[in-house]
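Observations on the model geometry
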Amino acid sequence: MNIVKIDHIGVAVDGIEEAGQFWQQILGLAVTESETVESQQVTTGFIPVGDSEIELLESTMETGPIAKFIEKRGPGIHHIAFEVDNLAQALEELKSAGIRLIDEQPRPGAGDKRIAFLHPKATGGVLVELCERVDRCR
Ligand code: ZN
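Residues numbered from 1 in each chain as written. Predicted model: local features only at pLDDT ≥ 70, side-chain atom pairs only at ≥ 80, totals over all residues. Heavy atoms only, no water.

This brings us to the coordination of the zinc ion. Ligation of the zinc ion by protein atoms is provided by His8 (NE2), Glu55 (OE), His79 (NE2) and Glu129 (OE), these donors lying 2.1 to 2.2 Å from the ion. Taken together, the four donor atoms surrounding the zinc ion define angles of 84 to 168 degrees at the centre, an arrangement classified as irregular. We note that the donor set of the zinc ion lies within a single chain, spaced as H-x46-E-x23-H-x49-E. Taken together, the residues His8 in strand β1 (residues 3–13) and Glu129 in strand β8 (residues 128–133) connect sequence positions 121 residues apart. Here Glu129 falls in the buried class, since its relative accessible area comes to 3%. (Donors = N, O, S within 2.8 Å, 3.2 Å for Na, K, Ca; no water. Tetrahedral: all angles 85-135°; square planar, octahedral: opposite > 155°, others 65-115°. Helix = DSSP H or I, 4+ residues; strand = E, 2+ residues; numbered from the N terminus. Buried < 20%, exposed > 50% of the residue type's maximum accessible area, 1.4 Å probe, protein only.)

Set out below in structure tokens:
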């Protein structure tokens, strides 16, 4: 597997609008893209920081995965995403190494990416996302 970089860090927030004020007014960063991923019951707001991004995650439903996360642990860091150059191949490698996956197959994510999550039980408690940029030729 070839990891290109830390693509983004996902942060669970109660509201992108309110949370965005800290990132925008205090840190001087900007939410440049917002997108709702209905299948995950989440609205995402992307904040570019150099070559990486912060991904703000706001639940669209009280029962969504982000709402459940905040209910249990409060708002905060939710996952770390690594960009890989070949997601399907990376998942095959992890499967053959016996690593527990949440997503066995790549699925569509926000920002024109294909993504897959590894199970936190297999990573020492960190929810790890692998993503592949569909718009990037390889
Ligand atoms: Zn993410």
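The strand order across the open sheet built from eight strands is β2-β3-β4-β1-β5-β8-β7-β6, with neighbouring strands paired in mixed fashion. Looking at which strands have only one partner, the edges of the open sheet turn out to be β2 (33–37) and β6 (107–109). Sheet twist, expressed as the average angle between the axes of neighbouring strands with direction ignored, equals 35 degrees. As paired elements, strand β5 (residues 76–84) and β8 share four bridges and run parallel to each other. Residue Ala81 lies in a different strand from β8, and its bridge partner there is Glu129. Sheet contacts for helix α1 (residues 16–26): β1, β3 (42–49) and β4 (52–59); angle to β4, the most-contacted strand, approximately 150 degrees. Its contacts with the sheet place helix α3 (residues 87–96) against β5, β7 (113–118) and β8, and it is angled at close to 15 degrees to β7. (Pairing = 2+ DSSP bridges. Axes fitted to C-alpha atoms, helices over the stretch in contact; angles between N-to-C directions. Contact = heavy atoms within 4.5 Å.)

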